[in-house]
Amino acid sequence: MEREFDIQEYMTKGVERVVSDAIKATLKNPRESAFMLGFAKASTAASKKRKKAEKAGEHIPPFLIASITSKCNLHCAGCYSRCNHATVDTEPVSQLTNEEWYRIFDEADDLGISFILLAGGEPLLRRDVVEAAGQKKNILFPIFTNGTFMDERYFELFDCSRNLIPIMSIEGQKEITDARRGEGIYDRLIQNMDELQKRGLIFGASVTVTSENVSEVTSESFLNELSERGCKAVIFVEFVPVTEDSQHLAPGEKEREYLKNEIARLRAEKPEMVYISFPGDEKSSGGCVAAGRGFFHINSHGGAEPCPFSPYSDVNIKKTSLREAIHSPLFMALQSEGLLTDDHEGGCVLYEKRELVEACIESLL
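Numbers given for residues are sequential positions, taken from 1 along each chain in its written order. pLDDT decides what is reported in this predicted model: residues at 70 or higher carry local features, side-chain atom pairs at 80 or more are listed and counted, and totals for whole chains, interfaces and linings draw on all residues regardless. Heavy atoms throughout the structure, all of them, feed into the side-chain values; hydrogens and water do not.

A. Molecular detail of the pattern of salt bridges. Each salt bridge in this description consists of a side-chain nitrogen of Lys or Arg and a carboxyl oxygen of Asp or Glu lying within 4 Å of one another. This structure, assessed with the given rule, holds 24 salt bridges. Where Glu195 meets Lys198, a salt bridge forms, and the shortest distance between an N and an O atom there is 3.4 Å. Of this pair, Glu195 and Lys198 both sit in helix H8 (residues 185-198), three residues apart, which is roughly one turn of the helix. Judged by relative accessible area, which is 63%, Lys198 ranks as exposed. Across the salt bridge formed by Arg265 and Glu220, the nearest N and O atoms sit 3.2 Å from each other. Remark: Glu220 occurs in helix H10 (residues 220-228) and Arg265 occurs in helix H11 (residues 253-269); sequence separation between them is 45 residues. Relative accessibility decides the category of a residue: with a 1.4 Å probe and only protein chains considered, values under 20% of the type maximum give buried, values over 50% give exposed, and everything between is partly exposed. Looking at Glu220, the relative accessible area reads 37%, which means it is partly exposed. Only DSSP runs of H or I covering at least 4 residues are called helices, and only runs of E covering at least 2 are called strands; the numbering of each starts at the N terminus.

B. Quick peek at unusual backbone geometry. Across the junction of Gly120 and Gly121, the peptide omega takes the value 15 degrees, indicating a cis bond. Tracing the chain through its elements places Gly121 in the loop between strand E2 (115-119) and helix H5 (127-134). Despite not being glycine, Ser94 shows a phi value in the positive range, around 55 degrees. Turning to its location among the elements, Ser94 is positioned in the loop between helix H3 (80-83) and helix H4 (98-111). Positive phi, close to 55 degrees, is recorded for Ala291, a residue that is not glycine. Relative to the helices and strands, Ala291 resides in the loop between strand E7 (274-278) and strand E8 (297-298). Judged by its relative accessible area of 0%, Ala291 is buried.

C. The packing of H5 against helix H6 (residues 152-160), seen in detail. Across the interface, H5 lies against H6 with an axial gap of 10 Å and an inter-helix angle of 15 degrees. By the angle between their axes, H5 is roughly parallel relative to H6. For the pair H5 and H6, the sense of crossing is left-handed. Contacts from Arg127, Val130 and Glu131 in H5 reach Arg153, Tyr154 and Leu157 in H6. Residue polarity follows a fixed list, in which Ala, Val, Leu, Ile, Met, Phe, Trp, Tyr, Cys and Pro are nonpolar, Asp, Glu, Lys and Arg are charged, and the others, Gly among them, are polar. In the contact of H5 with H6, the residues fall into three nonpolar, no polar and three charged. Here an angle of 0 to 180 degrees is reported between the N-to-C directions of two axes, which are lines fitted to C-alpha atoms, with helices fitted over the stretch in contact. Oblique is the label for any angle not under 35 degrees, not over 145, and not in the 65 to 115 range, which are roughly parallel, roughly antiparallel and roughly perpendicular in turn. Rotating anticlockwise by less than a right angle from the far helix to the near helix defines a left-handed crossing, while the corresponding clockwise rotation defines a right-handed one. Pairs of residues are marked as contacts when any of their non-hydrogen atoms sit within 4.5 Å.

D. Representation of the packing of aromatic side chains in the model. By convention, a stacked pair of Phe, Tyr or Trp rings (six-membered ring in the case of Trp) has centres within 6.5 Å and planes under 30 degrees apart, an edge-to-face pair has planes over 60 apart, and any other such pair is tilted. Per the counting criterion, the structure on display carries eight aromatic pairs. Residues Phe35 and Phe39 carry aromatic rings whose centres are separated by 6.3 Å and whose planes lie at 20 degrees to one another, so their mutual orientation is stacked. Of this pair, Phe35 and Phe39 are both found in helix H2 (residues 30-55), four residues apart, which corresponds to roughly one turn of the helix. Taken individually, Phe35 and Phe39 each receive the classification buried, so the pair is uniform in this respect. Judged by centre distance (5.4 Å) and plane angle (55 degrees), the rings of Phe296 and Phe331 are tilted. Note that Phe296 is positioned in the loop between E7 and E8 and Phe331 in helix H13 (residues 329-336), a separation of 35 residues in sequence. Residue class for Phe296 comes out buried when judged on its relative accessible area of 0%. Judged by relative accessible area, which is 0%, Phe331 ranks as buried.

So, in structure tokens, the structure goes:
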């Protein structure tokens, strides 16, 4: 009889592997290694909290994605956040305050959540929230940033708060990065990397994988350059098309299989960097880990959503606790009705089956 898949065990081991890989990746940097060893201890304690809750019949995911602002200074081609109107040019209104975010971070720590990914918009526009995150030493905060707002104050903050790890978005070499993100962005990213390396600070890169750049972003030349500049983690995110004219950029089955094999090779041959693939790493999880199975998303206005690619919410964190949000009726319905484990072509299952998600939330309202 086939053993039933255990999402808690899978995600817990995933956290342990990422932390273990990060410790190995920072062995040449005593301060970073000391921090990662301390975080590994905190992560183990958090895992025990989640396991205790699981035995009591309550599932707590180890990850959280927090979009702390809807504002961004760039207009990247095919940006899902702008297409979903989650990122805008106008001054944000009614967004969560610094105090409300700190309360969320506090509750996450109590529940045993080990990783909170800070996103946006451009998260470095909310310096107050980033500084608040830096105070929660038991939680690792990867900050997904376009890199254009890094300055001396941020470099000093990253030095003092080693649980804040900038993850800079880059699409490959200069030509393809600037084509998608804007002229001069690549040079700015390289400048940031050199400064972070000079200061002995850990950082990573986030790569949006498309049908056009999959070979380049897994190439020896690109990854070797990142490694030589001090990059310790590369997160590959498959492009999810949200408009008809960007469909051709979505990786097909051939590209996804190629990416999967390349990541397996990189993990074996280049252990100096951590490699994470989304949603590729979900293949062994028995399906999508959004909607509270492994993580969920809080948007800049407090709505608890299955994930950034599925911007639907039936509860707002302003009016409820983080624990209650984790068990929202929408999340429970998506989990119990099997939508997260449905077969799909690839990429984001919830985006691909958005009509079913919309029907689900309509039935709850």
